Every structure is written in structure tokens, then in C-alpha cells.
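# Coordinates in review
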Amino acid sequence: MPEQDAQATPAAQDEVDRIVDAWNRERPDLDFAPLHVLSRVGRLSKHLDRARRAAFVASDLESWEFDVLSALRRAGAPYQLSPKALLTQTLVSSGTMTNRIDRLVTRGLVERRTDPRDGRGILVTMTPRGGSAVDVAISNLIGAEADLLGDLSPDDRERLTALLRALSLTLGD
């Protein structure tokens, strides 16, 4: 398309554009530029949450179960971590982690084992059933997330990744 045609064609507008336009009309004294980015991130987050929930339901896991099991899976064989390491990776409190481990043990997805290096400590070890569940869940999740990004070119995905990484690093994540 020739450059002048691209300039003559109005850019597609989404709901965030309409919201920002309305705010600009009502409060022209404020700079609504942050809404252009972060309102879209918030709306995209809702799509991502729905896709993740569907992927986990199809895998018979809750999102918190996936978080714990995926931390164990990423640890590599023998797929075990201390409760403290799980706390660090999942960003929950000690009491919450204890409850989660108890529930995963009840479902047969993990086991508690004595730490051979420290008989007073325990290690949370993923069972074969937990390994199967998390492997199915990650496959479902990757498929769902790829669908969400399907209309972006590989170059656009790389640019978006770099921009989001830069923002994440400035926020301390």
C-alpha cells in the first residue's frame, strides 16, 4: 500500500481508544497516555486468564496446582524442591504453601520425603501422576497462548517481548 494511502486510512480503533477518547473529552487537563498501554495489558490479561483456566481445566489442575507442579518440573529430575524453594518460585506465604502441598499430597500429585542431606528437612517430590498432569497442562497452555498471539508476526512477537521485558525489569520483576 502506498504511504499516502496508509495515512489516509484511519487506524483501527479498539475499546481502549474509545475509552481514552472519552476521557480526553471529559478531562483534557490529564495525560491519558498510560491508559493506552496499561488498559490494553489489563484487557489482554483477562484473555490470558481465560485461556489459562481452560488449559488447566482440560488438564484437571487448578492454576495454583500448576504453579507448584511446574516449579517442580522445571527443577529437573528428580523433580523435588524444598518448601522454601517452592515459596520463592510461587510467591506465596509459608502457610499457603503448606496448605497447597497438603492438597497436592492428597491428590497423589506430590509426596513429602525426608531430605537425605538434612534429616530434619523435607523435600516435596513430584509423583509420576503429577508429572503427567503438568506435562499435559503445559502443552495445553502453550497451545492456548500461541492461539492468542497467532495474528502477530514473529518480528512483532519479538518486539513485544522486548518491550514487556524492559517494563518488567523497571518494575523489579
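Before reading on, note that the structure itself is shown above.
Note that this is a predicted model, so its numbers are computed, not measured.

Parameters and conventions
- Starting afresh in each chain, residues are numbered from 1 along the sequence in its written order.
- The model is predicted, so local features are restricted to residues of pLDDT at least 70 and side-chain atom pairs to those at 80 or more, both for listing and for counting; the totals for chains, interfaces and linings are taken over all residues.
- Each side-chain value is worked out from all heavy atoms of the structure, with water and hydrogens disregarded.
- Two strands pair if DSSP finds at least two bridges between them.
- Only DSSP runs of H or I covering at least 4 residues are called helices, and only runs of E covering at least 2 are called strands; the numbering of each starts at the N terminus.
- A pair of aromatic rings is counted whenever rings of Phe, Tyr or Trp (Trp by its six-membered ring) have centres within 6.5 Å, and the orientation is called stacked for planes under 30 degrees apart, edge-to-face for over 60 and tilted otherwise.
- Think of it in three bands: with a 1.4 Å probe and only protein chains considered, a residue is buried below 20% of the maximum accessible area for its type, exposed above 50%, and partly exposed in between.
- Here an angle of 0 to 180 degrees is reported between the N-to-C directions of two axes, which are lines fitted to C-alpha atoms, with helices fitted over the stretch in contact.
- When an angle is under 35 degrees it counts as roughly parallel; over 145 it counts as roughly antiparallel; between 65 and 115 it counts as roughly perpendicular; any other value is oblique.
- Two helices cross in a left-handed way if the nearer one is turned anticlockwise from the farther one by less than a right angle. They cross in a right-handed way if the turn is clockwise.
- By the convention used here, residues are in contact when the closest approach between their heavy atoms is within 4.5 Å.
- Any residue outside Ala, Val, Leu, Ile, Met, Phe, Trp, Tyr, Cys, Pro, Asp, Glu, Lys and Arg is labelled polar, Gly included; the first ten of those are nonpolar and the last four are charged.

## Let's talk about the sheet that holds strand β2 (residues 110-115)
The strand order β1-β3-β2 describes an open sheet built from three strands, whose pairing is antiparallel. What marks the edges here is a single partner per strand, and that holds for β1 (80-81) and β2. Pairing between β1 and strand β3 (residues 118-126): two bridges, direction antiparallel. By the bridge assignment, Gln80 is partnered in β3 with Thr125.

## Details of the packing of aromatic side chains
Counting across every chain of the model gives two aromatic pairs. Their ring planes at 25° and their centres at 5.9 Å tell us that Trp23 and Phe32 sit as a pair that is stacked. The exposure class of Trp23 is partly exposed, given its relative accessible area of 42%.

## A short note on the packing of helix α4 (residues 63-74) against helix α5 (residues 83-90)
Here α4 crosses α5 at 110°, and the two axes come no closer than 10 Å. By the criterion of interaxial angle, the relationship of α4 to α5 is roughly perpendicular. Considering how the two elements wind past one another, α4 and α5 form a crossing that is right-handed. Residues Asp67, Val68, Ala71, Leu72 and Arg74 of α4 touch α5, and the partners they reach there are Leu86, Gln89 and Thr90. Considered class by class, the residues forming the contact of α4 with α5 number four nonpolar, two polar and two charged.

Function-wise, these values are silent; they only describe arrangement.
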